[in-house]
Amino acid sequence: MPPKFDPNEEKIIIVRAVGGEVAATASLAPKVGPMGLNAKKIGEDIAKNTKDWKGLKVTCQLRVKNRVATVVVTPSVASRLIRALKEPPRDRKKVKNIKHDGNITFSEVQKIAKEAQGNSSSGSFQGVVLEVLGTAVSIGCTVDGEHPATIQAQIKAGKLAIKA
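Predicted, not measured: the structure shown is a model, and the values here were computed from it. (Residues numbered from 1 in each chain as written. Predicted model: local features only at pLDDT ≥ 70, side-chain atom pairs only at ≥ 80, totals over all residues. Heavy atoms only, no water.)

> Break down the overall build of the protein chain for me, citing the residues and quoting the values.
Check the secondary structure of the protein chain and you find 6 helices and 5 strands. When the helices and strands of the protein chain are placed in sequence order, the string is β-α-α-β-β-α-β-α-α-β-α. Out of the 164 residues belonging to the protein chain, those deemed buried represent 37%. As presented, the protein chain carries roughly 9,900 Å² of accessible surface, and 52% of it is formed by carbon and sulfur atoms. (Helix = DSSP H or I, 4+ residues; strand = E, 2+ residues; numbered from the N terminus. Buried < 20%, exposed > 50% of the residue type's maximum accessible area, 1.4 Å probe, protein only. Areas by Shrake-Rupley, 256 points an atom, 1.4 Å probe, with all protein chains shown as cover.)

Below, the structure written as structure tokens:
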């Protein structure tokens, strides 16, 4: 028999959800059911807390203590970059394989790197900026009108200074 559930212990459940949409209760129930929580209510809480990220996939942390769940949104670097492109929200069911071919400024990249520094595995701020630029390559956007890989090369060569 499993050990008794301690109500004062804080448990963290990580869930990936689409911003502004109610998560499927079928996927939430196995995660929150054993803790005595209502999956439908948790799904509505996630939708309410992620409405700023409408249409984008974001990672949410459910912090459960005393059978009360609080939702903390922890968006990925890709979600932050797509949000910085200021693209209109799209219907995921109808519009597929979208190209994120917009342009963002290097100062915006640095701002995103500062926000993502805690989640990064890099030791320096320069490394975090390089990670963000690599993500920009993968989603297909440009930075200051140039391909992000050229800006990465400029940073590595020391031609482009990064303010921490």
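> Can you lay out helix 2 (residues 39–49) for me, pointing to particular residues and giving the numbers?
Given 3.6 residues per turn, any residue in an α-helix points the same way as the ones three and four places further on. Within helix 2, the full set of buried residues consists of A39, I42, G43, D45, I46 and A47. The secondary structure elements touched by the buried residues of helix 2 are strand 1 (11–18), helix 1 (25–32), strand 2 (57–65) and strand 3 (68–74). Of the residues that open helix 2, the one with a side-chain oxygen 3.1 Å from the backbone nitrogen of K40 is N38. (Contact = heavy atoms within 4.5 Å. Polar contact = N/O pair within 3.5 Å; in protein donor to acceptor, adjacent residues only side chain to side chain.)

> Account for the layout of surface pockets, with residues named and values stated.
In this structure, the second largest pocket encloses a volume near 170 Å³. Elements with a contribution of two residues or more to the lining of the second largest pocket: strand 1 and helix 1. For the lining of the second largest pocket, the residue count by class is 7 nonpolar, 1 polar and 5 charged. (1 Å grid on protein atoms, 1.4 Å probe; cavity = no way out; pocket = protein on both sides within 12 Å on 5 of 7 lines; lining within 4 Å. Points joined across faces, edges and corners; volume = space filled by probe spheres on them. Nonpolar A, V, L, I, M, F, W, Y, C, P; charged D, E, K, R; others polar.)

> Please set out the side chain of Q61 residue by residue, giving values where relevant.
Mapped onto the fold, Q61 is located in strand 2. Within the structure, the side chain of Q61 is placed 2.8 Å from the side chain of R63, a separation counted as a polar contact. Ignoring sequence-local partners within four residues, the contact set of Q61 consists of I12, I13, I14, T70, V71, V72 and T74.

> So, the pattern of salt bridges: which residues are in play, and what are the values?
Tallied over the entire structure, the rule returns 3 salt bridges. Residue E115 pairs with R80 through a salt bridge whose shortest N-O separation is 3.1 Å. Highlighted residues: E115 in helix 4 (residues 106–116) and R80 in helix 3 (residues 77–84), separated in sequence by 35 residues. With a shortest N-O distance of 3.6 Å, K111 and E108 are connected by a salt bridge. (Salt bridge = Lys/Arg side-chain N within 4 Å of Asp/Glu carboxyl O.)

> So what's going on with the side chain of T59? Residues and values would help.
With respect to the helices and strands, T59 occurs in strand 2. Overall, the relative accessible area of 17% leaves T59 in the buried class. Here R16 takes part through its side chain, which lies 3.1 Å from a polar atom of the side chain of T59. Those residues in contact with T59 that lie beyond four places of it in its chain are I14, V15, R16, V72, V73, T74 and P75.

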